[in-house]
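# Residue-level structure breakdown
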Amino acid sequence: MRIVDLIIKKREGIELSDKEIEFIISNYVSGEIKDYQMASFLTTVVFKGMTPKEIGKFTFEMMKSGKIIDLSAINGIKVDKHSTGGVGDKTTLVVGPIIASLGVPVAKMSGRGLGHTGGTIDKLESIPGFSVELTDEQFISQVNKIKIAVIGQSDNLVPADKKLYALRDVTGNVSSIPLIASSIMSKKLATGSDAILLDVKVGNGAFMTTIEEAKKLSEQMITIGKQLNKDVRVEMTNMSRPMGKAIGNKNEVLEAIETLKGNGSKDFIELCYSASATILKQAKVTDDEKEAYKMIDEVIKNGKALEKFYEFIKYQGGDVEKLKAKDFWNPSFKLEVFAKKDGVMEITSALDFGIVASKLGAGRISKEDSIDFEAGIQINKKTNDKVKKGDLLFTLFSSKAISNELVEELEKAYTINEKEVENKIILGKME
Ligand code: URA
């Protein structure tokens, strides 16, 4: 078999056989298939799609490309959550500690930034000392002891996705239902949780820009999960505006902490409460939505969720004192953007905010790039906030000098209107 023939076959719209998919994944992981060949295959998939049978096989081959973690030594219903990727999306940092503080075991594998979107692993690694590499034994023992552990993808955990993810990120091959569904579900299945909540982002800052595409992606992922008897639920959420007020890494960690203290922004709180309530139902803690919200409120108000967050950071080597220190986030350069007129703010493009944050240093442009954890954007006026001429709208941060061109790029990402606009956060649920 030759990869070049399979690329052509895919391009001609002919379904690949199980054997051919097995060949592609195993030979890419072993290095026989080169990055440039795989990039061409991925681009072909982006344009031609995959049949449901191909997606199923692609996912299982990816899952099997490394070891599979057996979580049976953890008591209770193990839950996992995963976002399809957004701008300012620090949800795991808040939802994880909330549900763990309510006794639900959270065993999670997270990803790095992809395209213009941020990644939980990058955010966690912005905390000095924090390690996302745990052995299976450490992972299981930590979930048993403190109910929460988050790991990154080590070389032997779904290596096919690890390689593909990094390649897709820098070759413009992210936005594809089969590639996203197989990437997410291969990881979720390899880490063996019983219940999975998928936060499928919709809008121009997401990889799915319409609700129809989001539903298709959700259906694919639910179908894959059902084949392995997992309780997979989906929440489709708005990503036409950035989530919360911080976009970056260190600043997003700080926003997560503020949210756990009860000081989060309205949109982000709504998202976190909804996700946490769904997970509490999946974990069979309660089947009553109101009761779930009450429980979440309680652990925010009594500080238990925040305590859990710090405990989790400490367990994985993070320096909590440094995290709490005033100079934890200390960017050298900043540039402020002010309102040119009175009115009501509307952020119209989460995508542009994501791209600008990435250019400031918060994301990667090429595979080998390292992240500037200080870089990012703080939003002072969110959609539907009243604005007076001269008010501070946003601040850009970086460790290197900030070019005015980036401010110009942001200018096309918002408007100041006369009236408020519709701003729904939860767009739909599926299971
Ligand atoms: N998150 C993933 O893990 N993979 C994708 O392809 C997109 C978002």
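The name that an unreviewed UniProt entry assigns to the protein chain is Pyrimidine-nucleoside phosphorylase, with the source organism given as Mesomycoplasma molare. The record in UniProt for the protein chain states the following under Subunit (unreviewed entry): "Homodimer." The UniProt entry for the protein chain carries the following comment under Sequence similarities (unreviewed entry): "Belongs to the thymidine/pyrimidine-nucleoside phosphorylase family."

## Side note on the overall build of the protein chain
For the protein chain, the helix and strand inventory stands at 17 helices and 13 strands. The C-alpha atoms of the protein chain give 21 Å as radius of gyration, which agrees with the globular expectation for 431 residues (22 Å, within 12%). Dimensions of the protein chain, computed from the C-alpha atoms along their principal axes, are close to 65 × 45 × 40 Å. Taking contacts inside the protein chain between residues at least 6 apart in sequence as the whole, the part at least 24 apart equals 79%. In the form shown here, the protein chain has an accessible surface area of approximately 17600 Å², with 50% of it arising from carbon and sulfur atoms. A gap of 1 Å separates the mean positions of the 62 positive and 62 negative side-chain charges of the protein chain.

## Comments concerning the site of the ligand
Lining the immediate surroundings of the ligand are H82, S83, T84, L114, Y165, R168, I180, S183, I184 and K187. Within the side chain of S183, one N or O atom sits 2.6 Å away from a nitrogen atom of the ligand. Within the contact set of the ligand, an oxygen atom lies 2.6 Å away from a side-chain nitrogen or oxygen of K187. In isolation the ligand exposes 240 Å². Once the protein is present, 97% of that is buried. When residues of the shell around the ligand are traced back to their parent elements, those giving at least two are β1 (79-83), α8 (159-171) and α9 (177-190). Counting residues per element, the shell around the ligand draws most heavily on α9, at 4 residues. Residue classes in the shell around the ligand are distributed as 4 nonpolar, 4 polar and 2 charged.

## Some details on the sheet that holds strand β7 (residues 333-338)
Here 4 strands make up an open sheet; going across it, the order is β6-β9-β11-β7 and the pairing antiparallel. Each of the sheet's edge strands pairs with one partner strand only, and the pair in question is β6 (246-248) and β7. Ignoring which end each strand starts from, the neighbouring axes of this sheet average 15° apart. In this structure, β7 lies alongside strand β11 (residues 392-398), joined through 6 bridges in antiparallel fashion. Pairing of K334 across the sheet is with F397, part of β11. Contacting β6 and β9 (376-379), helix α11 (residues 250-260) crosses the sheet at an angle of about 145° to β6.

## Some thoughts on the domain arrangement of the protein chain
Partitioning the protein chain into domains gives domain 1 (3-49), domain 2 (79-323) and domain 3 (333-417). Here domain 2 and domain 3 have C-alpha centroids that lie 24 Å from each other. With 28 residues of domain 2 at the interface, the matching set in domain 3 holds 25 residues. Here domain 2 meets domain 3 over a buried area of about 2100 Å², counting both sides, of which 55% is carbon and sulfur. On the domain 2 side of the interface with domain 3, the three residues burying the most area are R241, K245 and I247, jointly 26% of the side's total. If you look at where domain 2 meets domain 3, you find 4 salt bridges. Put simply, D267 and K382 hold a salt bridge, and the shortest N to O gap is 2.8 Å. For the pair domain 2 and domain 3, the interface holds 15 residue pairs in polar contact (both at pLDDT 80 or more). Looking at the side of domain 2 that touches domain 3, the elements with two or more residues in it are α6 (120-125), α8, β6 and α11.

## Describing the packing of aromatic side chains
Any aromatic ring pair is given by two values, namely how distant the centres are and how the planes are angled relative to each other. The final tally for this structure, using the stated rule, is 7 aromatic pairs. Their ring planes at 65° and their centres at 5.7 Å tell us that F309 and Y310 sit as a pair that is edge-to-face. Its relative accessible area of 14% is what places Y310 among the buried residues. Ring centres of F353 and F394 lie 5.0 Å apart, and the angle between their planes is 75°; on these two criteria the pair is classed as edge-to-face. Taken as a pair, F353 in helix α16 (residues 350-362) and F394 in strand β11 lie far apart in primary sequence, 41 residues in all. On the basis of relative accessible area, F394 is assigned to the buried category, the value being 0%. Following the ring pairs from residue to residue traces out a cluster consisting of F353, F394 and Y414. Of note, K90 hangs over the ring of F268, and the distance from its end group to the ring centre comes to 5.4 Å. For K163, the ring lying beneath its charged end belongs to Y28, and the centroid distance is 4.3 Å.

## Digging into the packing of helix α12 (residues 266-282) against helix α13 (residues 289-301)
One can describe the packing of α12 onto α13 by two numbers: an axis separation of 9 Å at closest approach and a directional angle of 115°. Seen from above, α12 lies across α13 with right-handed handedness. Residues Y273, S274, S276, A277, L280 and K281 of α12 form the contact with α13, whose participating residues are E289, A292, Y293, I296, D297 and I300.

## Details of the pairing of strand β2 (residues 106-109)
Of the two faces of β2, both are covered, the one formed by V106 and K108 as well as the one formed by A107 and M109. For β2 and strand β3 (residues 148-151), the ladder comprises 4 bridges, and the chain directions are parallel. Its bridge partner being in β3, V106 is matched across the sheet by I148.

## Some details on the sheet that holds strand β10 (residues 386-387)
Taken in spatial order, the 3 strands line up as β10-β8-β12 in an open sheet, and their pairing is antiparallel. Strands at the two margins of the open sheet, each flanked by one partner only, are β10 and β12 (414-417). The pairing of strand β8 (residues 343-347) with β12 spans 4 bridges and is classified as antiparallel. In the strand pairing of β12, E346 is matched with T415.

Calculation rules
Residues numbered from 1 in each chain as written. Predicted model: local features only at pLDDT ≥ 70, side-chain atom pairs only at ≥ 80, totals over all residues. Heavy atoms only, no water. UniProt positions renumbered as here; feature names shortened; annotations may be inferred. Helix = DSSP H or I, 4+ residues; strand = E, 2+ residues; numbered from the N terminus. Rg over C-alpha atoms; globule rule 2.2 N^0.38 Å. Contact = heavy atoms within 4.5 Å. Areas by Shrake-Rupley, 256 points an atom, 1.4 Å probe, with all protein chains shown as cover. Lys, Arg positive; Asp, Glu negative; His and termini not counted. Charge placed at Lys NZ, Arg CZ, Asp CG, Glu CD. Near = heavy atom within 4 Å. Polar contact = N/O pair within 3.5 Å; in protein donor to acceptor, adjacent residues only side chain to side chain. Nonpolar A, V, L, I, M, F, W, Y, C, P; charged D, E, K, R; others polar. Pairing = 2+ DSSP bridges. Axes fitted to C-alpha atoms, helices over the stretch in contact; angles between N-to-C directions. Domains from an automatic or database assignment. Buried area = accessible area lost by both parts, 1.4 Å probe. Salt bridge = Lys/Arg side-chain N within 4 Å of Asp/Glu carboxyl O. Phe/Tyr/Trp six-rings, centres within 6.5 Å; stacked < 30°, edge-to-face > 60°. Buried < 20%, exposed > 50% of the residue type's maximum accessible area, 1.4 Å probe, protein only. Lys NZ or Arg CZ within 6 Å of the ring centre and 35° of its normal. Left-handed = near helix turned anticlockwise from the far one by under 90°.

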